[in-house]
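Structural characterization, general
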Amino acid sequence: MAHVKEDKNTYLAHFDRFEQGGAASDWFLPARKTAMARFTELGFPTTKDEDWRYTNVAPIAKIAFERADRSAIDGVTAAQIARLAMADAVGGLLVFINGHFARDLSIIDSLSAGLHAGSLAAAVESGDAVVKEHLGKHTDSVTQAFAALNTAIVEDGAVIRVESGKKIERPIHVLYLSTSTASPFVSHPRNLIVVGECSEVTVIENYVGLDGAKYFANAVTEIVVGDGAIVDHYNVQREADEAFHIGTRHVRLGRDSCATSHTLSMGGKLVRNNVGALLAGEGAECTLNGLYTIDGEQHVDNHLRVDHAVPHCDSREFYKGILEGRSHGVFCGRIMVREDAQKTDAKQTNMSLLLSEEAQVDSKPQLEIFADDVKCTHGATIGQVDEDALFYLQSRGISAEAARSLLIYAFAKESVSKIKVDALREQLDALLLARLPQGASFRESA
Amino acid sequence: MLEIRNLHANVEGHEILKGIDLTVNAGEVHSIMGPNGSGKSTLAQVLAGHEAYEVTQGQIIYKGQDLTELTPDKRACEGIFLAFQYPVEIPGVTTNYFLRAAINSIRKHRGEEELDAMDFLDVVKKKAEYVEIDSKLLNRAINEGFSGGEKKRNEIFQMAMLEPTLAILDETDSGLDIDALKIVADGVNKLRGPDRAMVVVTHYQRLLNYIVPDFVHVLMDGRIVKSGGKELALELEQNGYKGVDDAKAGTEAVTS
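Residues numbered from 1 in each chain as written. Chains lettered and ligands numbered in written order. Predicted model: local features only at pLDDT ≥ 70, side-chain atom pairs only at ≥ 80, totals over all residues. Heavy atoms only, no water.

A closer look at the overall build of chain B
From N to C terminus, chain B includes nine helices and 12 strands. Seen along its three principal axes, the alpha-carbon backbone of chain B occupies a region of about 60 × 40 × 35 Å. Across the 256 residues in chain B, those meeting the buried criterion constitute 53%. Contacts spanning at least 24 positions in sequence make up 69% of the contacts within chain B whose residues lie at least 6 apart. Split by element, the accessible area of chain B, about 11,200 Å² in all, is 46% carbon and sulfur. (Helix = DSSP H or I, 4+ residues; strand = E, 2+ residues; numbered from the N terminus. Buried < 20%, exposed > 50% of the residue type's maximum accessible area, 1.4 Å probe, protein only. Contact = heavy atoms within 4.5 Å. Areas by Shrake-Rupley, 256 points an atom, 1.4 Å probe, with all protein chains shown as cover.)

A few points about the sheet that holds strand S9 (residues 166-170) of chain B
By way of backbone hydrogen bonds, the strands of a sheet pair with one another, either parallel or antiparallel. All names here are of chain B. Taken together, six strands build an open sheet; the order of strands is S6-S9-S10-S3-S11-S12 and the sheet is mixed. Strands at the two margins of the open sheet, each flanked by one partner only, are strand S6 (80-83) and strand S12 (223-228). When strand polarity is set aside, the average angle formed by the axes of neighbouring strands in this sheet is 20°. Both strand S11 (residues 215-220) and S12 contribute to a ladder of five bridges, which runs antiparallel. Looking across to S12, one finds that Leu219 is bridged to Ile224. (Pairing = 2+ DSSP bridges. Axes fitted to C-alpha atoms, helices over the stretch in contact; angles between N-to-C directions.)

Description of helix H4 (residues 117-130) of chain B
Residues and elements named next belong to chain B. In a regular helix each residue adds 1.5 Å, so 14 residues correspond to 20 Å; H4 covers 20 Å between its end C-alpha atoms and thus fits that length. For H4, the secondary structure elements touched by its buried residues are helix H3 (95-109), helix H5 (135-138) and helix H6 (148-162). Between the side-chain oxygen of the N-cap and the backbone nitrogen of Met118 there are 3.1 Å, and the N-cap of H4 in question is Asp116. Remark: Glu132 follows H4 within two positions and exhibits a positive phi of approximately 50°. (Expected span 1.5 Å × (residues − 1). Polar contact = N/O pair within 3.5 Å; in protein donor to acceptor, adjacent residues only side chain to side chain.)

Comments concerning the packing of aromatic side chains
Residue and element names in this part refer to chain A. According to the stated counting rule, one finds 18 aromatic pairs over all chains in the structure shown. Between Phe39 and Phe44, the aromatic rings sit 5.5 Å apart at their centres with planes inclined by 90°, giving edge-to-face as the arrangement. By relative accessible area, which is 10% here, Phe44 ends up buried. Centre to centre, the rings of Phe96 and Phe101 are 5.2 Å apart; their planes meet at 45°, and the pair counts as tilted. Phe101 carries the same exposure label as Phe96, and that label is buried. A network of ring pairs unites the aromatic residues Tyr11, Phe39, Phe44, Trp52, Phe65, Phe146, Phe216 and Phe244 as a single cluster. A cation over an aromatic ring shows up here: Arg17 above the ring of Phe18, its NZ or CZ 4.9 Å from the ring centre. Lying over the aromatic face of Phe318, Lys418 brings its terminal NZ or CZ to 4.4 Å of the ring centre. (Phe/Tyr/Trp six-rings, centres within 6.5 Å; stacked < 30°, edge-to-face > 60°. Lys NZ or Arg CZ within 6 Å of the ring centre and 35° of its normal.)

Here's the deal with the interface of chain B and chain A
Contact residues are listed per partner, giving 31 residues for chain B and 21 residues for chain A. Both faces considered, chain B and chain A share a buried interface measuring about 2,000 Å² in area, 65% of it formed by carbon and sulfur atoms. Summed over the shared surface of chain B and chain A, the result is one salt bridge. Glu155 of chain B serves as the salt-bridge partner of Arg396 of chain A, at 2.7 Å between the closest nitrogen and oxygen. Joining chain B to chain A, the criterion identifies seven residue pairs in polar contact (both at pLDDT 80 or more). The element best represented in the side of chain B that touches chain A is H3 of chain B, accounting for seven residues. When grouped by side-chain class, the residues that make up the side of chain B that touches chain A number 20 nonpolar, seven polar and four charged. (Buried area = accessible area lost by both parts, 1.4 Å probe. Salt bridge = Lys/Arg side-chain N within 4 Å of Asp/Glu carboxyl O. Nonpolar A, V, L, I, M, F, W, Y, C, P; charged D, E, K, R; others polar.)

Digging into empty space enclosed by the protein
If you roll a probe as big as a water molecule over the atoms, it shows you where there is empty space left. All names here are of chain A. What the rule picks out here adds up to five cavities of 30 Å³ or more. In this structure, the largest cavity spans a volume of roughly 110 Å³. Mapped onto the lining of the largest cavity, the elements with two or more residues apiece are helix H1 (2-19) and strand S7 (185-187). Residues that form the lining of the largest cavity fall into these classes: five nonpolar, six polar and three charged. (1 Å grid on protein atoms, 1.4 Å probe; cavity = no way out; pocket = protein on both sides within 12 Å on 5 of 7 lines; lining within 4 Å. Points joined across faces, edges and corners; volume = space filled by probe spheres on them.)

Section: the packing of H4 of chain B against H6 of chain B
Residues and elements named next belong to chain B. The geometry of H4 relative to H6 is characterised by a closest axis approach of 9 Å and an angle of 130° between their N-to-C directions. Comparing the axis directions of H4 and H6 gives the class oblique. The element H4 and its partner H6 pack so that their crossing is right-handed. Contacts between H4 and H6 involve Phe120, Val123, Val124, Lys127, Ala128 and Tyr130 from the former and Phe157, Ala160 and Met161 from the latter. Here the contact of H4 with H6 is composed, by residue class, of eight nonpolar, no polar and one charged. (Parallel < 35°, antiparallel > 145°, perpendicular 65-115°, else oblique. Left-handed = near helix turned anticlockwise from the far one by under 90°.)

Side note on the pattern of salt bridges
Scanning all chains against the criterion turns up 31 salt bridges over all chains. Through salt bridges that share partners, Arg17, Arg67 and Glu155 of chain A make up one connected network.

Some details on the environment of Ser183 of chain A
Relative to the assigned elements, Ser183 of chain A resides in the loop between strand S6 (172-178) and S7. Placed 117 residues apart in sequence, Ser183 of chain A and Glu66 of chain A show a C-alpha to C-alpha distance of 7.0 Å.

What to know about the packing of H3 of chain B against H4 of chain B
Residue and element names in this part refer to chain B. Look at H3 against H4: their axes get within 11 Å of each other, and the N-to-C directions meet at 110°. Between H3 and H4, the crossing angle belongs to the class labelled roughly perpendicular. Between H3, through Asn96, Leu99, Arg100 and Ile103, and H4, the contact on the second element is made entirely by Ala117, Phe120, Leu121 and Val124. Classifying every residue of the contact of H3 with H4 by side-chain character gives six nonpolar, one polar and one charged.

Remarks on the sheet that holds strand S1 (residues 2-11) of chain B
Residues and elements named next belong to chain B. The strand order across the open sheet formed by four strands is S2-S1-S4-S5, and the pairing between neighbours is antiparallel. Two strands close off the open sheet at either side, each with one partner strand: strand S2 (14-24) and strand S5 (65-66). Of the strand pairs in this sheet, S1 and S2 are connected by eight bridges, and their pairing is antiparallel. The partner of Leu7 across the bridge, within S2, is Ile20.

Looking at the confidence of the model for chain A
Across chain A, pLDDT averages 94, with 97% of residues at or above 70. In this model residues 1-5 of chain A is a low-confidence stretch, pLDDT under 50, and it forms one contact with partners more than four residues away in sequence or in other chains. (pLDDT = per-residue confidence, 0-100.)

Structure follows, in structure tokens:
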């Protein structure tokens, strides 16, 4: 037990700096203190926890990560950012280096009317009314240790707010770049997206790790979708090989709103996504789309929870995984239909493609239905590359290797094609093809 | 063009082909007929190179080389085409997309220049008319949600696109109504030529009213038990496979 205590000490020490108070951000201090107390009580989850049965976070707990400092910002060049920024395609760019806001690398000077985007730290400091109203209100810091830890010692992140009745044409890009440092570091990115009534916006959260970077990103995003609003949200993880990423996202959907949250995990040593959606207003429609491709010893765990609290809402979960090497994928999709939530239409699909003997998938649907007039379906498939399809393609002159790549690509394509931002879809397409033998040869007309 | 000598082949340890001898020359159309389970489809799959079928004895000589040493894609590059009895559905890959990859793979093998998207679409337009296939189908995932007739037409369309020298049609007539049968047969007839040979595998004589073969072979229990001209097919139509079987004791035959 002494060992476990030590795990927490790392973070208790990080919390010290907030405890003194005396800053303009003091209004958030009680929430921090409560969350820290909860984290101390809960500790890191273990595989004895049902929700963490397949994902062992002991490797995260045992490393004494350091607080990332701001100095890394100086080591990042504008050219490095330019390669990742998709600047031509986006209407705003917020850059964070090792969790710290890099104002000079960001592009937020000419945002569309009705759109506000900036650093969370600054908004907390200034006592922004919207931040006060929503920060920490939509995520569970009581039972979820990692969310509690984030709430307790969060330093910065993005705040994106869209006024009512505004259609924001171009996506907002939030780029979290992690660099290689002398010692492993931890960051707790925290994003708050609040979209007003009948507005439309697209937000891309993009987590990228540079080669050799060792870190733990413990991210939380809260998304509040106003009545009649349309939100398209992307969470892209291209973390470094030695990185840990625990990402918690919570979407609250108002009446007649429509939100899609994409989770695209393409990197990292251990990745856990906790994605929650609360259908809080009648007529809301929520889509959770996911794709991960892993290899070697990588581990990706997608935990979804869709909560139908009111009648007449639709939800769609569509998650796909491609696994090679000795990698391990987990899917756990929980759909909760409350007593009042009649006429719910919920559908869950989880498909996995295993490309090696040692790769492993655990897929677990969980339906809890308390209403009696609902439509709830779920389906999971786990398979290998279809030998008949392989022979069919080969019999037309395509080599075995290219045919296999083509079939793997086709499997992923269904998820990738759901990405509505062209520049992002092309980036992921190129990323997928680069990993496939002879992939480049079928890029052009794909 | 094709010379099969004493061919024996196994599936999962069971011997299905028990010594086939067959010679096919350029310009000829051969029909292989026989009851269910006689080994017709096995012969087609063995020629295309399906790895579930193991050649245990004999030889397949195609254009002077031993075919059994080539992988399925190399056979296709050398001009062999199999129209599948059960065309495979492949979600996520459109027919047009994969065909262009196939054509360019074959062209590359022959040392020819690859077709660009524009040239490719020109050829598609022309060949799609052969089998009256809706070009919208070609932009859909391969065979996904296609009717039986559409799948078979897609096979013949692919054959027209790839212009093989040896085409093997495995029960292309099964599951077709009479209109679809005519369209498919018409497409096949347009592809007949002095440099191209065809092996038409069928259970029913009906197809041969539309695709008139030069030679008919009757396959039973893994061997060719009778060969003749197109009139042999008519004989089979009248007497069934039983009549042929009389000459060959100990074989279980099914009357069509």
